[in-house]
Amino acid sequence: NKKVFITEDYPSEIEARRRKLWPIYKAAREVEAFKGKVKMNGDKLIINSTVYTVDNLDLLPPAIHPWKLSSRSDDDSLAFFTSLSPLSNHYPCTFTVDSITYNCIEQYLMCQKALTFNDRRTADQIRATSDPVTQKYLGSQVSNFKKSDWELVAPRIIQKGHLEKFKANATCRLYLMSTGSKRLGEAAGPKETLFGIGMSLKDEDVLKTDKWSGSNVQGESLMWVRNELRKMPEYAPSQPT
């Protein structure tokens, strides 16, 4: 007997929203109180008869809140990954750099990557899509790309984008400032050693900073922005007490 699997095809916009809900769906199914009461319907997550979408994830129960699922932390460090985290490049947020508006850091970063190597066609394609997964893919196709050149300019580029992101978005800014003086690291897996720490969020030692092997450009930039914001009086209310 052959097993037959039936999958549903959704428009790209709905698929993007489903991708964001999927890790919450999987986590919710593991919570005893929600057993048998969790389902996905298109781009809607239904838990205990309550409907959640990407627009009201802040209302989710604490056990499966997106910020909890996308990070691990202790008194000294915080590791994060997935678009559920306000620290992620894929987290949706609107900000402007040099008179151009972006929908997330991934769009800004990949666009700047293309422009760094004079690939304006790819830069235009990146600006034309709101999906960070597509933006990342397009960024991997940049013509005339040289890894060594990108590694030199990427830290400065992402610092500029991060500063504008957190200045423009109160929710993201409050979350960043709430991390206090913790070391921040992007745990995107062992292959990400430029922007990340070369570890996965599930790794047993992910909070041991002496085990981090990547350059952690993402985390270093976020910590720099955190310090810069503390110097700006207009953002004083966002500082931790």
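Here goes a summary of the coordinates provided. (Residues numbered from 1 in each chain as written. Predicted model: local features only at pLDDT ≥ 70, side-chain atom pairs only at ≥ 80, totals over all residues. Heavy atoms only, no water.)

**Observations concerning the overall build of the chain**
Piece 1. Helix and strand content of the chain: eight helices and eight strands.
Piece 2. Rg of the C-alpha trace for the chain: 19 Å, near the compact-globule value of 18 Å for 241 residues, within the 12% margin.
Piece 3. Each principal axis of the C-alpha distribution contributes one length, and for the chain these read about 55 × 45 × 35 Å.
Piece 4. Expressed as a percentage of the 241 residues in the chain, the buried residues total 45%.
Piece 5. Counting every atom, the chain has about 13400 Å² of accessible surface; 49% of that belongs to carbon and sulfur.
Piece 6. Side chains of the chain carry 35 positive and 29 negative charges; the gap between the two charge centres is 2 Å. (Helix = DSSP H or I, 4+ residues; strand = E, 2+ residues; numbered from the N terminus. Rg over C-alpha atoms; globule rule 2.2 N^0.38 Å. Buried < 20%, exposed > 50% of the residue type's maximum accessible area, 1.4 Å probe, protein only. Areas by Shrake-Rupley, 256 points an atom, 1.4 Å probe, with all protein chains shown as cover. Lys, Arg positive; Asp, Glu negative; His and termini not counted. Charge placed at Lys NZ, Arg CZ, Asp CG, Glu CD.)

**Examining the pairing of strand β1 (residues 38–41)**
Piece 1. Burial along β1 is one-sided: the residues Val38 and Met40 are buried and none of Lys39 and Asn41 is.
Piece 2. In the sheet, β1 pairs with strand β2 (residues 44–47) via four bridges, with the strands oriented antiparallel. Pairing of Lys39 across the sheet is with Ile46, part of β2.
Piece 3. The loop that links β1 with its antiparallel partner β2 comprises two residues; one of these, Gly42, has a positive phi angle of about 65°. (Pairing = 2+ DSSP bridges.)

**A few points about helix α7 (residues 170–178)**
Piece 1. Among all positions in α7, only Cys172, Arg173, Tyr175, Leu176 and Met177 are buried.
Piece 2. The inward-facing, buried residues of α7 abut α2 (66–69), β4 (71–73), β5 (77–80), α6 (147–168), β8 (183–186) and α8 (217–230).
Piece 3. Phi turns positive, to about 60°, at Gly180, one or two residues after α7. (Contact = heavy atoms within 4.5 Å.)

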